[in-house]
Amino acid sequence: MSARFDVPEADAFTRPYWQAAAEGHLLLRRCAACGRAHHYPREFCPHCWSENVTWERASGRATLYTWSVVHRNDLPPFDKRVPYVAAVVDLDEGPRMMTEVVECEEGSLRIGMGLEVRFRGAGEGTQEITVPVFRPRGSMG
């Protein structure tokens, strides 16, 4: 089996995030001190540095901020996925998140388009890691 560059490592702190993803839910962290949500998960608020942050279930809705269609990537398993859409989305709760847009033709992508989260298994040898990806809101499937 070749090296994997796309599989995150779950640790004691991020395990709730990955467990929720496996159940089909996207989690964020929200600060009780300043009220702002953030993503990627951290043990402190990146806005005010408070450690009074908790997990919160996100709506799963987002808006496309920007994207790039990747036509060449030699690292496994990306080499078998090309072309794919690497994207940055604005979650409805506020944070910006790097992800992949799926189930959408490249020519249909538009800044500001509504997206919804879906979850994809990372594949063989990954201890069942499930990752969030996004597709156009209201897509069938």
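Summarised in this report is the structure supplied together with it. Note that the structure is a prediction, hence the values are computed from the model and not measured.

Procedures and definitions
Residues numbered from 1 in each chain as written. Predicted model: local features only at pLDDT ≥ 70, side-chain atom pairs only at ≥ 80, totals over all residues. Heavy atoms only, no water. Buried < 20%, exposed > 50% of the residue type's maximum accessible area, 1.4 Å probe, protein only. Helix = DSSP H or I, 4+ residues; strand = E, 2+ residues; numbered from the N terminus. Arc of directions from axis to C-beta. Contact = heavy atoms within 4.5 Å. Pairing = 2+ DSSP bridges.

1. Quick notes on helix α1 (residues 15-22)
Consideration 1: Within α1, the full set of buried residues consists of Tyr17, Trp18, Ala20 and Ala21. Each buried residue of α1 sits inside an arc of 160° when the element is viewed along its axis, so together they form one side.
Consideration 2: At its buried positions, α1 is contacted by β1 (27-31), β3 (53-57), β6 (96-101), β7 (114-121) and β8 (130-136).
Consideration 3: Positioned one or two residues after α1, Gly24 has a phi angle of 90°, which is positive.

2. Some thoughts on the sheet that holds β3
Consideration 1: Strand order in the open sheet formed by three strands is β2-β1-β3, with antiparallel pairing between adjacent strands. Looking along the sheet, the strands with just one partner apiece sit at the ends: β2 (37-38) and β3.
Consideration 2: As judged from the five bridges shared by β1 and β3, these two strands associate in the antiparallel manner. Each bridged residue has a counterpart across the sheet, and for Arg30 the counterpart in β3 is Thr54.

3. Here's the deal with unusual backbone geometry
Consideration 1: Between His39 and the following residue, Tyr40, the backbone shows a cis peptide bond with an omega angle of 20°.
Consideration 2: For the bond running from Val82 to Pro83, omega is -10°, close enough to zero to count as cis.
Consideration 3: Looking at the element boundaries, Pro83 is found in the loop between β4 (61-70) and β5 (84-91).
Consideration 4: Positive phi outside glycine occurs at Trp49, with the angle close to 70°.
Consideration 5: As for its position among the elements, Trp49 is in the loop between β2 and β3.
Consideration 6: Here the phi dihedral of Glu103 falls at roughly 60°; this positive angle occurs in a residue that is not glycine.
Consideration 7: By the element assignment, Glu103 lies in the loop between β6 and β7.

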